[in-house]
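# Architecture at a glance
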Amino acid sequence: MAQYARTKGSIALITLTNPPVNALSSAVRKGITETVSRALNDTQVKAVVLCGENGQFCGGADIKEFAKPMSGPALVPMIHAIEAGEKPVVAAIEGIALGGGLELALGCHYRVAHAKARMGLPEVTLGLLPAAGGTQRLPRLTGIPTALELITTGRHITAQEALKLGIVDKVTDGNVVDAAMEMALSVIGRPLSPRRLSTLSTPPLANLDGVFEAAMAQVKRRSRGAMAPVACVKAVRAAAELPYSQGMKRELELMGTLMSSGQAKALQYCFFAQRAVGKWSLPNGAQWNNSRPRDIRTAGVIGLGTMGRGIVVSLVKAGISVVAVEMEEKQLDLGRKEVTGILERDAKRRGVTAPLHLISFALSLQSLRGVDLVIEAVFEDMELKKRVFADLSRVCNQNTMLCTNTSGLDVDQIASVTDRPPLVVGMHFFAPAHVMKLLEVVCGPRSSAEAVATAMSLGKRMGKVSVAVGNCPGFVGNRMLKSYMDESVFLLEEGASPEQVDQALEEFGFALGIFKVGDLSGLDVGWRVRKSSGLIGPDVNPTFPSRVRQGRRYCPLPDLLCEQGRWGQKTGRGWYLYDSAGGRVARPDPEIQRFLQDYRLRYGIPSRRISEQEVVERCVFALANEGFQVLEDGMAAGPEDIDMVYVFGYGWPRHRGGPMFHAAQVGLPRVLQRLEFYYRENPDIPHLQPSALLRRLVGAGSPPIQQWKQYIRSTHSQL
Ligand SMILES: CCCCCCC/C=C/C(=O)SCCNC(=O)CCNC(=O)[C@H](O)C(C)(C)COP(=O)(O)OP(=O)(O)OC[C@H]1O[C@@H](n2cnc3c(N)ncnc32)[C@H](O)[C@@H]1OP(=O)(O)O
């Protein structure tokens, strides 16, 4: 787990060997401890170089071990032994030095990095802090503001930035181990004390209190209830105010609290879930590691509305040539202006040239004849989409893959009008598509393994987290969202205000409450969907619209709002009031209070006080309950897939792990009991009726989330 070799006569070369990222497992720590001791005791050895096998220095502590009892040598004394040793140790950083990997390098006396290496202390993203001395050594090296920024964000930096910040001593384009050896030979005999970061003082800083108060305010604003960023600020403050040994005690104490927290467990679950969702499989045995994606070099995008523009930008940024098509000249010009603007601003921020040469704009589908893949992003209307796909079928090469960005329509129906159903899949992006990380890849019953593999891999190329989902109305994300949104408006009927519901959900950790989200995306969007799905139509009494539709409770409040022209931010009024059309700052609107009171009076609904607990439970447990149903129906491969859809597509607070993980963490019996209670109170709301899978899991003693798949009775995966 750590190899030892003596080279150039006097240099000991220690190589970490734990593929794929040389994580610091207990075996690796044992290997490093033993080989460092051997080098320090070998009189022939004058200096040591520490490197990692296979072009990766070290990916940090082994995250899998966090869930197990600690065994083997601890990281802190191991790093201390390196730093305190009387022989210079040089870290040769290639690939990555992350978390404990960078902390290990900071314990070395010198650091040489390859020009393509990346470094960082991402522990905060796992609900932890850099507790192998990182919060104490880094501020002593870079100064407090830089250390605060790197530790509280977990941002990865390039070798060039690390050199500028003084984190590494040299950057090379060549062989990093050779460069580190050269450095090791050149420093033999030089005093080591100035190189021992733990013995240095943090660089003085005027207005220390102000800096830490500002940092604390910033992390609290950004982190929506996450504990780790707050603990990181406290640990760095200890570096500024306490001697090293006391700072280390504080670091350990803070880490102890984080390590046992539910938030750390949730964030670590997300780390593995994010990787697990890439490992898709279909019922016919095709899966991620036996299906070859096509190489996509050219793509077409039809429709340059908000979604289409974002998709064009994402494709172009992934290096793919795009033909963007609109039917009307005015829309095309508008789209061209927007896409160009986004790419130019992005390029300016990154100091590169905008890849505008990769895009061409056209007014006819004929221009898509030769592309490898087309993504349709026209209006959400089945008849329109069918027309487009029938045309594409005629126009495009026989081999061109045809994808739809529908947010919930039947992909198989769309495929059925083409001459190539196996080459049709859904690629459901989330707005704005060049920003949001989620991509739902909708596997129609006739989509081929090659088409699924291609869409999944294209998503990855675009920097998305691609999740394979089944073809049901709303797929996974929007299907579940319906219960969540329905609950939120039912709560308004029963006495809550939009701001009260939003505040409870934001306290829970959502980036934005559901009513603010509605105003942001436009309330008319859902209105149109309800009209096309027959929920609103000529038989609805316009003055006294029914509260029961299609056999279940229905809340007409959003429709009534839309009829008043309150479509959200775009009209300056929605659930909230804005300064003007397009305004962003939401203010509670007294008119909405009156509107809600009148509505309750008219329908004879008694208004009651609704607690924050009820808001969160009804919205969030209803969401998870639908998630159990999604699993039971075979529309998602596992709870991880659902959780990643919510974390990356719907602003779900990552430190709560996703709705399914949250249900597990609250305790399935408790979730079941609360759903039973709310369903008893509201028998006209079917989505509050506990799902059969939830009952079965509780009956089985609430097994860990990783075992849930075994309890899905109908193992008829629709993927
Ligand atoms: C009092 C207690 C004191 C304890 C002090 C502890 C202080 C230190 C804490 C830490 O170091 S926490 C860990 C910090 N490191 C990270 O957060 C890095 C996490 N990894 C990544 O960001 C990426 O994996 C990567 C290294 C940038 C590589 O990305 P890439 O896209 O190339 O590959 P992946 O698919 O992500 O990973 C490949 C494979 O490796 C597994 N893996 C990666 N890092 C770790 C790790 N640190 N521990 C365990 N396993 C890791 C990853 O899960 C993948 O596995 P498979 O899916 O292939 O099985």
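Here the structure is a predicted model, which is why all the values come from computation and not from measurement.

## Quick word on the overall build of the protein chain
Counting secondary structure elements, the protein chain contains 27 helices and 19 strands. Its C-alpha radius of gyration of 28 Å places the protein chain within 12% of the 27 Å reference for a compact globule of 719 residues. Every one of the 719 residues in the protein chain was classed for burial, and the buried ones make up 56%. Here the analysis covers contacts within the protein chain between residues at least 6 apart in sequence; of these, 72% occur between residues at least 24 apart. Accessible surface for the protein chain amounts to roughly 30200 Å². Of this, 53% is attributable to carbon and sulfur atoms. Of the charged side chains in the protein chain, 84 are positive and 69 negative, and the gap between their average positions amounts to 4 Å.

## Some details on the sheet that holds strand 9 (residues 170-172)
The strands that make up a sheet pair up through hydrogen bonds in the backbone, lying either parallel or antiparallel. With mixed pairing, the 6 strands of this open sheet are ordered in space as 1-2-3-4-6-9. The open sheet has two edge strands, strand 1 (2-7) and strand 9, and neither has a second partner. The mean angle between the axes of side-by-side strands here comes to 20°, regardless of whether they run parallel or antiparallel. When strand 2 (residues 11-16) meets strand 3 (residues 47-52), the two strands line up parallel, connected through 6 bridges.

## Thoughts on the sheet that holds strand 15 (residues 424-429)
The 8 strands are arranged 12-11-10-13-14-15-16-17 in an open sheet whose pairing can be described as mixed. In this open sheet, the two edge strands, each paired with only one partner strand, are strand 12 (359-362) and strand 17 (465-470). Strand-to-strand, the axes of this sheet are offset by a mean angle of 25°, without reference to chain direction. Pairing of strand 10 (residues 298-302) with strand 11 (residues 321-325) involves 5 bridges; the strand directions are parallel. The residue of strand 11 that forms the bridge with Gly300 is Val323.

## Examining the pairing of strand 14 (residues 401-404)
Residues Met401 and Cys403 line one face of strand 14 and the alternating positions Leu402 and Thr404 line the opposite face, and both faces are buried. Pairing between strand 13 (residues 373-376) and strand 14: 4 bridges, direction parallel. Residue pairing across strands places Ile375 opposite Cys403, the latter belonging to strand 14. For the crossover from strand 13 across helix 14 (residues 382-395) to strand 14, the handedness is right-handed. In the classification by handedness, the crossover that spans strand 14, the intervening helix 15 (residues 411-416) and the parallel strand 15 is right-handed.

## Some points on the side chain of Asp641
In this fold, Asp641 is placed in helix 24 (residues 639-649). Here Asp641 is buried and forms no salt bridge, its nearest opposite-charge partner Lys709 lying at an N-O distance of 5.6 Å. Those residues in contact with Asp641 that sit more than four places away from it in its chain are Val277, Val467, Ala468 and Ala636.

Reading the values: the criteria
- Residues numbered from 1 in each chain as written.
- Predicted model: local features only at pLDDT ≥ 70, side-chain atom pairs only at ≥ 80, totals over all residues.
- Heavy atoms only, no water.
- Helix = DSSP H or I, 4+ residues; strand = E, 2+ residues; numbered from the N terminus.
- Rg over C-alpha atoms; globule rule 2.2 N^0.38 Å.
- Buried < 20%, exposed > 50% of the residue type's maximum accessible area, 1.4 Å probe, protein only.
- Contact = heavy atoms within 4.5 Å.
- Areas by Shrake-Rupley, 256 points an atom, 1.4 Å probe, with all protein chains shown as cover.
- Lys, Arg positive; Asp, Glu negative; His and termini not counted.
- Charge placed at Lys NZ, Arg CZ, Asp CG, Glu CD.
- Pairing = 2+ DSSP bridges.
- Axes fitted to C-alpha atoms, helices over the stretch in contact; angles between N-to-C directions.
- Right-handed = clockwise from strand over helix to strand, strands pointing away.
- Salt bridge = Lys/Arg side-chain N within 4 Å of Asp/Glu carboxyl O.

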